[in-house]
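Working through the structure, step by step
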Amino acid sequence: MKEEISMEKAIVITLAVLIGIAGMLAIGTHLADTAALVLYEPEDDDDDTY
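Predicted, not measured: the structure shown is a model, and the values here were computed from it.

Calculation rules
Residues numbered from 1 in each chain as written. Predicted model: local features only at pLDDT ≥ 70, side-chain atom pairs only at ≥ 80, totals over all residues. Heavy atoms only, no water. Helix = DSSP H or I, 4+ residues; strand = E, 2+ residues; numbered from the N terminus. Buried < 20%, exposed > 50% of the residue type's maximum accessible area, 1.4 Å probe, protein only. Patch = residues over 30% accessible without salt bridge, like charges linked within 9 Å, V, L, I, M, F, W, Y side chains within 5 Å. Areas by Shrake-Rupley, 256 points an atom, 1.4 Å probe, with all protein chains shown as cover. Salt bridge = Lys/Arg side-chain N within 4 Å of Asp/Glu carboxyl O.

Another point: the overall build of the protein. What the protein contains, in helices and strands, is 1 helix and 0 strands. Across the 50 residues in the protein, those meeting the buried criterion constitute 0%.

Take a nonpolar patch on the surface next. Taken together, the side chains of Met7, Ile11, Leu15, Leu18 and Ile19 present a nonpolar region at the surface, about 530 Å² in accessible area. Residue position: Met7 is located in helix α1 (residues 2-39). Met7 sits in the exposed class, given a relative accessible area of 54%.

Pasting the structure below:
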């Protein structure tokens, strides 16, 4: 009985860690995309000054 509880606990902890890592990766990707959009400067090919 005791071993079943510890095995279930190990599975729950493993799933929680995997979900946490996936969440952190998703947040990091979102922040990187946002930073790329904020820092994006289009190239100015024409040299016309007004």
